[in-house]
Amino acid sequence: MSGSLWLKPPSTETPLPAIPRPRREQVPGGPRPGHAGAPAATTDRGPAAPAGSIAARTTGTAPTTGTAPGADRAKAPGPSTAHGVRPAPVVGSPVPAGGPTFVAGHPPPAAGAPVPPHPGPLADDPLDELASRLGGLVAVAVHPDEIAAVLESDGMTDDHIRLTYGRADSFALAEDLYARVERRHPAPEAPPGGAWHTGLAGCLLRGLVFALPGLAYVLAAPLLAGDQGRFGLPGGTVPLLAGAVTGWVWNQALAHRAYTWLGLGDRPAAARTLLLGAPAGALAGTAVALAAAAPGETPAALFAAGQSLYLAAATVLLVLGRERALLGALAPLAGAVPAFRWDLPDPLRAGLLLTALTASVTLAGLVLAPGARRRAAGRGGPPRAASLPYGLFGLGSGLLVLQAGVGGTPVSGAGAVIALTLSMGPAEWLLHRFRGESLTRLRTQSTAREFRRAVTGTLVLCLGGYLAVLVGLTLAVTLAWPGAPWPTGPRLVTLLLVGTVLWLGLLLQAFGAVLSAAAVCLLAAATQALQPAAGPVAAGGAAAVLTVLTCVLLARPTAHRA
């Protein structure tokens, strides 16, 4: 019924049942409600409204005293009591704080009904406990579906999630957890040490091994002396160059094929490849040297045959990781150091050469012996055509090195070749360094632009470091070589350009772009051979092209994936 009818006395004389009033416990010693000095009562809707206000005309609060029901009727007679009807609650009477309130127009609670308690603090959200328990897993998730998988693996059904967490299913709960927990992705672990994490000492050792065979030419110089040769070169130079270039091409391709087997984890297959390929390369180099020898160049052709045999043995030992053994085999060549100042007898020179060659071939044979006793596995392995670009790159880079030594005085040319050969050790270490730094940037940079900038900076530092080493080695060789002239500015610039081509070509080869590097090196070498005066221009053009190719290829993160 409406509030206005509730306040009107009924027209009948039938008495209404008394409505029980909530009891209030009396505070000992405290003033009773309604007495002077008693504090103003409040309700759960706020302080009691004063009599005559709008709130008092629409809302009433039942007085709660310690008297029995019906006792207040005797104390507060009114017009309604004459008819035996209980009056409406007195508006504005004090009610203890937290007491119940009754809205006009709505019947109060029935007799004996429990009074609803005052709402206390809110209960803890069970989602907070779940977020705390699964915080470590949620923080590293990259998508809510990962969290949903964890919840389902934890045995949470949709019914359990609806009853406990008030979410529809595991996916809705996972989205809430994903939004609630802050992302804390752990830093990627550093890759394990491997082929791209080598020490500087090993690379320097390989550079020394590359350069020591140059002392053999010092020992053999009197044995190769003769009349002026062809193409304006000293006598015997053509067969020596022909045998050396043939060996470089063959052994470069052979080394790639053997390294491919090692990458597949089949060391016996790599040994069998070297066992078959190394003697064939030695025979090919010897045949080319003998074919290129002119009358009177037989000693040079024989020396070229020994050179081809050494290149085959050195390839075997270097591929199989026996650099220290090769260094020991080349130790007799140290006897060439006194030959810079004193004339050594010819038998001693020949003996030192034959000792070093015999030791190298013997060690290579001992290393290959286990592979010779094992039968072939029956599989074809990597295609042979895949090794051809590596052989072409060996041809192009070898020609560039030889052309860097041609021109000027023989001493200055030999010094340039020795400096380039010695620099291959630091060059190899810097290649490892660039590869390792690029993998680190791949793990730490978050955008492609940041990665591109970081890799470009690393490339500049590594290339600059190699060129600085090359300059230092050139100056050291000039100081150590008796009577060697200081390199002029144009020759030094040409040498640095050739070094840039070699290092960038090796870098592209390491990342699989060997065909592009080989084409550029061959084109530059052919240009210098046809037009020797265009040597600096050809080297500069090749360096510029390789620089562009390197920046385009290696600036992409996908090029650095292991």
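Residues numbered from 1 in each chain as written. Predicted model: local features only at pLDDT ≥ 70, side-chain atom pairs only at ≥ 80, totals over all residues. Heavy atoms only, no water.

S.K.: Sorry, what's going on with the overall build of the protein chain here?
M.R.: Looking only at helices and strands, the protein chain features 22 helices and four strands. When the 562 residues of the protein chain are sorted by exposure, 37% land in the buried category. Of all intrachain contacts in the protein chain linking residues separated by at least 6 positions in sequence, the fraction that spans at least 24 positions is 77%. Accessible surface for the protein chain amounts to roughly 30400 Å². Of this, 66% is attributable to carbon and sulfur atoms. (Helix = DSSP H or I, 4+ residues; strand = E, 2+ residues; numbered from the N terminus. Buried < 20%, exposed > 50% of the residue type's maximum accessible area, 1.4 Å probe, protein only. Contact = heavy atoms within 4.5 Å. Areas by Shrake-Rupley, 256 points an atom, 1.4 Å probe, with all protein chains shown as cover.)

S.K.: Which parts of the structure should I look at to understand a nonpolar patch on the surface?
M.R.: A cluster of nonpolar side chains, Leu 475, Leu 479 and Trp 486, forms an exposed patch at the surface whose accessible area comes to about 350 Å². Mapped onto the elements of the fold, Trp 486 is located in the loop between helix 19 (448–480) and helix 20 (489–510). For Trp 486, a relative accessible area of 55% puts it in the exposed group. (Patch = residues over 30% accessible without salt bridge, like charges linked within 9 Å, V, L, I, M, F, W, Y side chains within 5 Å. Salt bridge = Lys/Arg side-chain N within 4 Å of Asp/Glu carboxyl O.)

S.K.: It is not clear to me how the packing of aromatic side chains should be interpreted in this structure. Could you clarify?
M.R.: Aromatic rings considered in pairs are described by the distance between their centres and by the relative angle of their planes. Taken as a whole and judged by the stated rule, the model has one aromatic pair. Geometrically, the ring pair formed by Phe 434 and Phe 511 is edge-to-face, given 6.2 Å between the ring centres and 75° between the ring planes. Placement of the pair is Phe 434 in helix 18 (residues 424–444) and Phe 511 in the loop between helix 20 and helix 21 (514–530), with a sequence separation of 77 residues. Take Phe 434: its relative accessible area is 0%, and that puts it in the buried class. Since its relative accessible area comes to 16%, Phe 511 is described here as buried. The ring centre of Tyr 178 lies 4.0 Å from the NZ or CZ of Arg 183, which sits over that ring. (Phe/Tyr/Trp six-rings, centres within 6.5 Å; stacked < 30°, edge-to-face > 60°. Lys NZ or Arg CZ within 6 Å of the ring centre and 35° of its normal.)

S.K.: In this structure, what is going on with the packing of helix 11 (residues 237–263) against helix 13 (residues 298–319)? I would like to understand it.
M.R.: Between two packed helices, the angle of one axis relative to the other and the distance separating the axes together describe the packing. One can describe the packing of helix 11 onto helix 13 by two numbers: an axis separation of 9 Å at closest approach and a directional angle of 15°. Classified by the angle their axes make, helix 11 and helix 13 are roughly parallel. Once helix 11 is placed against helix 13, the crossing between them reads as right-handed. Note on element contacts: helix 13 touches helix 11 through Ala 300, Ala 301, Phe 303, Ala 304, Gln 307, Ser 308, Leu 311, Ala 312, Thr 315, Leu 318 and Val 319, opposite Pro 239, Leu 240, Gly 243, Ala 244, Gly 247, Trp 248, Asn 251, Ala 255, Ala 258, Tyr 259 and Leu 262. Taken together, the residues of the contact of helix 11 with helix 13 sort by class into 16 nonpolar, six polar and no charged. (Axes fitted to C-alpha atoms, helices over the stretch in contact; angles between N-to-C directions. Parallel < 35°, antiparallel > 145°, perpendicular 65-115°, else oblique. Left-handed = near helix turned anticlockwise from the far one by under 90°. Nonpolar A, V, L, I, M, F, W, Y, C, P; charged D, E, K, R; others polar.)

S.K.: Explanation requested: the packing of helix 18 against helix 20 in the structure shown.
M.R.: Where helix 18 meets helix 20, the axes come as close as 10 Å, and the angle between the chain directions of the two elements is 45°. If you check the angle between helix 18 and helix 20, you find them oblique. Once helix 18 is placed against helix 20, the crossing between them reads as right-handed. For the pair formed by helix 18 and helix 20, the contact residues are Met 424, Ala 427, Leu 430, Leu 431 and Phe 434 on the first element and Leu 502, Trp 503, Leu 506 and Leu 507 on the second.

S.K.: Would you mind showing me how to read the confidence of the model for the protein chain here?
M.R.: Low pLDDT marks stretches whose predicted atomic positions should not be read closely. With 69% of its residues at a pLDDT of 70 or more, the protein chain shows a mean pLDDT of 75. When pLDDT is averaged over each helix and strand of the protein chain, the minimum, 38, is found for helix 2 (residues 54–58) and the maximum, 92, for helix 8 (residues 170–180). Counting contacts from residues 16–99, a segment whose pLDDT is below 50, to residues more than four positions away or on other chains yields 86 contacts. (pLDDT = per-residue confidence, 0-100.)

S.K.: Which parts of the structure should I look at to understand the nonpolar core?
M.R.: Soluble globular proteins: nonpolar side chains tend toward being buried together. Among the nonpolar cores identified, the biggest contains 45 residues, and Leu 274, Leu 326 and Leu 333 are the most heavily contacted of them. Elements supplying a minimum of two residues to this core: helix 9 (200–211), helix 10 (214–224), helix 11, helix 12 (267–292), helix 13 and helix 15 (346–372). Sorting elements by how many residues they give to this core places helix 13 first, with 11 residues. Apart from the residues within four sequence positions on either side, Leu 326 is in contact with Val 209, Tyr 310, Ala 314, Leu 317, Leu 318 and Ser 360. In terms of nonpolar packing, the next biggest core, distinct from the first, is built from 44 residues, Leu 400, Ala 416, Val 520 and Leu 553 among them. (Core = buried A, V, L, I, M, F, W, Y, C linked by side-chain atoms within 4.5 Å.)

S.K.: Can you help me understand the environment of Leu 318 in this one?
M.R.: Residue placement: Leu 318 occurs in helix 13. Once the C-alpha coordinates of Leu 318 and Ala 255 are considered, the two residues, 63 residues apart in sequence, prove to be 8.9 Å apart. Once residues within four sequence positions are removed from consideration, Leu 318 is found in contact with Arg 206, Val 209, Phe 210, Tyr 259, Glu 323 and Leu 326.

S.K.: Explanation requested: helix 4 (residues 126–133) in the structure shown.
M.R.: One full turn of an α-helix is made of 3.6 residues, so residues set three or four places apart face in the same direction. Those residues of helix 4 lying buried are Leu 127, Leu 130 and Ala 131. Axial view of helix 4: buried residues confined to an arc of 100°, hence all on one face. Turning to helix 4, the residues buried within the fold contact helix 5 (135–139), helix 6 (144–153), helix 7 (158–165) and helix 8. (Arc of directions from axis to C-beta.)

S.K.: Looking at this model, I keep getting lost on the environment of Trp 503. Mind explaining?
M.R.: Structurally, Trp 503 is set in helix 20. Overall, the relative accessible area of 0% leaves Trp 503 in the buried class. Taking the C-alpha atoms as reference points, Trp 503 and Ala 543, 40 residues apart in sequence, are found 9.6 Å from one another. Of note is the side chain of Trp 503, whose polar atom sits 3.3 Å from the backbone oxygen of Ala 427. (Polar contact = N/O pair within 3.5 Å; in protein donor to acceptor, adjacent residues only side chain to side chain.)

S.K.: Mind showing me how you'd approach the side chain of Ser 308 here?
M.R.: Mapping Ser 308 onto the fold places it in helix 13. Looking at Ser 308, the relative accessible area reads 3%, which means it is buried. Dropping the residues within four chain positions of it, Ser 308 is found in contact with Gly 243, Ala 282, Gly 285 and Thr 286.

S.K.: Please clarify how the environment of Ala 253 should be interpreted in this entry.
M.R.: By the secondary structure assignment, Ala 253 is in helix 11. For the pair Ala 253 and Phe 393, spaced 140 residues apart in the sequence, the C-alpha separation amounts to 9.1 Å. In this structure, Ala 253 is in contact with Ser 387 and Gly 391, ignoring residues within four places of it in sequence.

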